Protein chains: 2
Amino acid sequence: MIKNKVTLNFIQKYTPILNDFLKTSLPTSITNSQLSASMQYSVFAGGKRLRPLLLLAMVKTTETKVNLNTVQVAASLELLHTYSLIHDDLPAMDNDDLRRGVPTNHKKYGEALAILAGDGLLTLAFEWLATTKYNSQITSQLTQALAHAAGPAGMVAGQASDVLGEKEQLTFEQLKKLHKQKTGALITYTAEAAGIITNSDSETQKNLKMFAENFGLAFQIFDDLEDVLGTEKMMGKAVHKDAGEHKNTYPGIRGLAQTKRDLIQCVSNCQSALIKLQDSGVSIELLQGFLEYFQLNEEEK
Amino acid sequence: MIKNKVTLNFIQKYTPILNDFLKTSLPTSITNSQLSASMQYSVFAGGKRLRPLLLLAMVKTTETKVNLNTVQVAASLELLHTYSLIHDDLPAMDNDDLRRGVPTNHKKYGEALAILAGDGLLTLAFEWLATTKYNSQITSQLTQALAHAAGPAGMVAGQASDVLGEKEQLTFEQLKKLHKQKTGALITYTAEAAGIITNSDSETQKNLKMFAENFGLAFQIFDDLEDVLGTEKMMGKAVHKDAGEHKNTYPGIRGLAQTKRDLIQCVSNCQSALIKLQDSGVSIELLQGFLEYFQLNEEEK
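Described below are features of the structure shown in this document. Since this is a predicted model, take the numbers as computed values, not measurements. Residue numbers here run from 1 along each chain, matching the order of that chain's written sequence. As they are written, the chains are lettered A onward and the ligands numbered 1 onward, keeping that order. Reporting in this predicted model follows two pLDDT cut-offs: at least 70 for local features of residues, and 80 or more for side-chain atom pairs to be given and counted; totals over whole chains, interfaces and linings ignore these cut-offs and use all residues. Water and hydrogen atoms were dropped before computing side-chain values, which therefore reflect all heavy atoms in the structure.

Tallying secondary structure elements over chain A gives 15 helices and two strands in all. Radius of gyration: over C-alpha atoms. The globule rule applied is 2.2 Å multiplied by the number of residues raised to the 0.38 power. What you see for chain A is a C-alpha radius of gyration of 19 Å, in line with the 19 Å of a compact globule of 301 residues. Expressed along its principal axes, the backbone C-alpha trace of chain A runs to roughly 50 × 45 × 35 Å. The classification of residues rests on relative accessible area computed with a 1.4 Å probe and restricted to protein chains. Under 20% of the type maximum is buried, over 50% is exposed, and intermediate values are partly exposed. The burial tally for chain A puts 61% of its 301 residues in the buried class. The numbering of helices and of strands both runs from the N terminus, where a helix is a DSSP run of H or I of at least 4 residues and a strand a run of E of at least 2.

This is how it looks when you write it as structure tokens:
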């Protein structure tokens, strides 16, 4: 739970701004009413907006004003993230009935519309990226970075490894690579996008990226841990599911105690990146607050 | 069958150039070997490369040299087209076992990899668009145009209308709109892309677009006709399938004779657009030759 006031204020300010942008812009981008309902259903199914908020926080941290263009870039990332959830949940993939406490897209709208809703969100993400008022150099760099992170050398490759790996036991190195692609690539993109938008020097970009890479890994480890330690009610989705399906997870490969140490190490790496950013005169409290997300509660420790 | 020598020479020159580009660039863009096999399988399953060839022909017609950047833009369109075929063939959509005479992607690689192969090709199309050496203004205009044509106000909306419309009889106007989105949007994009790349004046762009829009509609009508008139062996896919599933088609709604007249009208509109282009001093034989694609053989007339 994030309690840091700077971070909490930031989240409370920008979550509604992101949601308003999505609510205003999404319906006008879709010409088929049932497709529109299906796409909007998943975008507004209670996501925390973590990825777009991180992107905005990194832009803010490098002391660039967050404006409507930045919000549009962040919102396009949320579209892309939502597409990945819809397709991951499909019967041929993870076959999940529940997501964030409500029926998954294909359970509500059927498989055909769920596939198309994902396709539509993925494509629209690139349209939104290409139609901000940023100059065209920023636009094409962002397009390149997002496509690379989300594509067959990034997120899609990670999802393929995950689906195909279900039948065999991965090594720890293979699992780390899988997570780096499947979850990590989009979170690392938040740092790349912030670096492109703010035109940061290479040292700042490197440190933002180190922060984001470790944040992404921590995020996946934390998710694996919650799956073991959490309850279904808290999570809004089926828990203990990964283990039941012999899915490769951190606790499954590393054991519970080592997984907790792995998480602490990732958070510590994030802190180191922030200290380096601070050394270059940047206020890091906003990003530091996001690390509270990974605190286990007393029973879980 | 295209017999025009200018057009035939062009097709025979650029088809292997496109295929070489795809063969060289595709494997290096994918990090998971099974995903790579699945993506390459459909890209090299015998497509005619009609859309990328049209794009190159329009660039050539406006007297701009076709270079490696143009080929990359054209190849990215082929990736995007291939993704749409893979997803359209899925069990939840058209449920096709055969495409171009060989098993569809999900029949060969399973549904999960087929969905991911489509996702990967769609995303990679945007990466290829964003990494040509064209200036960033061209790049971001191309991204915008492709995303709009392929997205939830274009191709994806058309596919949704098609899937959802299977249960009800569409009116002729609804069917025309469906085709305009599902097949037409990507073909119209070939004109938009050529206009952007060649920086053509607005009159030229308008005429290229009129040609492409009518070409796209003719293409769909011709496909519907072949489905009724063709044989399975000739088509490399199941024929008489649309009618069997009560799918809305031109022959189903307009009758066979009127459908043939509709096709002739579309081709005639293409000719009119070409005459206007010719009036502005452009050689139109190359594009004119592409219209021979729509000639019915003697038994079909």
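Once that is clear, we can look at the packing of helix 3 (residues 50-61) of chain A against helix 10 (residues 202-229) of chain A. Residue and element names in this part refer to chain A. To get an axis, fit a line to the C-alpha atoms, keeping to the stretch in contact for a helix; angles then go from 0 to 180 degrees between the N-to-C directions. In contact at an axis separation of 12 Å, helix 3 and helix 10 are set at 160° when each is read in the N-to-C sense. One way to sum up the angle between helix 3 and helix 10 is to call them roughly antiparallel. Classified by chirality, the crossing of helix 10 by helix 3 is right-handed. Touching L50, R51, L54 and M58 of helix 3 are L208, F211, A212, F215 and F219, all from helix 10. Each residue is assigned to one of three groups, with Ala, Val, Leu, Ile, Met, Phe, Trp, Tyr, Cys and Pro labelled nonpolar, Asp, Glu, Lys and Arg labelled charged, and all others, Gly among them, labelled polar. Among the residues forming the contact of helix 3 with helix 10, the class breakdown is eight nonpolar, no polar and one charged. Roughly parallel means an angle under 35 degrees; roughly antiparallel, over 145; roughly perpendicular, 65 to 115; everything else is oblique. Two helices crossing with the near one rotated counterclockwise from the far one by less than a right angle form a left-handed crossing, whereas a clockwise rotation gives a right-handed crossing. Only heavy atoms matter for contacts: two residues are in contact if any of them lie within 4.5 Å across the pair.

The buried count for helix 8 (residues 155-165) of chain A comes to 10 of 11 residues, which makes it a mostly enclosed element. Every buried residue belonging to helix 8 of chain A is among M155(A), V156(A), A157(A), G158(A), Q159(A), A160(A), D162(A), V163(A), L164(A) and G165(A), and all of these are buried. At its buried positions, helix 8 of chain A is contacted by helix 4 (68-89), helix 7 (136-150) and helix 9 (172-198) of chain A together with helix 2 (33-43) and helix 6 (111-130) of chain B.

This part is about the nonpolar core. To qualify as a nonpolar core, a set must consist of buried Ala, Val, Leu, Ile, Met, Phe, Trp, Tyr and Cys residues joined through side-chain atoms within 4.5 Å. Core analysis: the biggest nonpolar cluster contains 196 residues, and Y189(A), F290(A), Y189(B) and F290(B) have the highest contact counts within it. If we skip the residues at most four places from it in the chain, Y189(A) touches L55(A), V73(A), L77(A), L129(A), L142(A), A145(A), L146(A) and A149(A).

Once that is clear, we can look at the relation of the copies chain A and chain B. Copies are brought into register by a least-squares superposition over C-alpha atoms of residues with pLDDT of at least 70 in both. By a simple turn and slide, chain A fits onto chain B: the slide is 0.0 Å along the axis, the RMSD is 0.0 Å, and the turn is 180°. Both chain copies can therefore be described as sitting about a two-fold axis. Comparing interface residues between copies, 100% of those in chain A also lie at the interface in chain B; the contact surface is shared.

For the rest of this paragraph, the subject is the packing of helix 1 (residues 5-25) of chain B against helix 3 (residues 50-61) of chain B. Residues and elements named next belong to chain B. Viewed as axis vectors pointing N to C, helix 1 and helix 3 meet at an angle of 120°, and their least axial separation amounts to 10 Å. Classified by the angle between their axes, helix 1 and helix 3 sit oblique to one another. Helix-helix and strand crossings are classified by hand; for helix 1 and helix 3 the assignment is right-handed. Across the interface between the two elements, F10, I11, Y14, T15 and L18 from helix 1 touch P52, L53, L56, A57 and K60 from helix 3. Among the residues forming the contact of helix 1 with helix 3, the class breakdown is eight nonpolar, one polar and one charged.

Glancing now at the side chain of H81(B). Residues and elements named next belong to chain B. By the element assignment, H81 lies in helix 4 (residues 68-89). Residue classification places H81 among the buried residues on the basis of a relative accessible area of 8%. Not counting the four nearest positions on each side in its chain, H81 is found in contact with R51, R100 and L186.

Let's shift gears to the interface of chain A and chain B. With 47 residues of chain A in contact, the opposing surface of chain B contributes 47 residues. Defined here as a combined quantity, buried area equals the accessible surface (1.4 Å probe) lost by two parts on assembly, summed across both. Carbon and sulfur atoms supply 71% of the area that chain A and chain B bury against each other, a total of about 3800 Å² over both sides. It is L116(A), T123(A) and P152(A) in chain A that bury the most area against chain B; as a group they hold 16% of the surface buried on that side. For this analysis, a salt bridge means a side-chain nitrogen from Lys or Arg found within 4 Å of a carboxyl oxygen belonging to Asp or Glu. Between the two partners, chain A and chain B, sit zero salt bridges. Nitrogen and oxygen atoms within 3.5 Å of one another constitute a polar contact, given that in protein one can donate a hydrogen and the other can accept it, and given that sequence-neighbouring residues count only through two side-chain atoms. The interface formed by chain A and chain B contains 13 residue pairs in polar contact (both at pLDDT 80 or more). For the side of chain A that touches chain B, the secondary structure elements donating two or more residues are helix 2 (33-43), helix 4, helix 6 (111-130), helix 7, helix 8 and helix 9 of chain A. Broken down by element, the side of chain A that touches chain B gets its largest block of residues, 13 residues, from helix 6 of chain A. Per-class residue counts for the side of chain A that touches chain B are 24 nonpolar, 19 polar and four charged.

Read these as layout, nothing more, since geometry by itself doesn't imply function.
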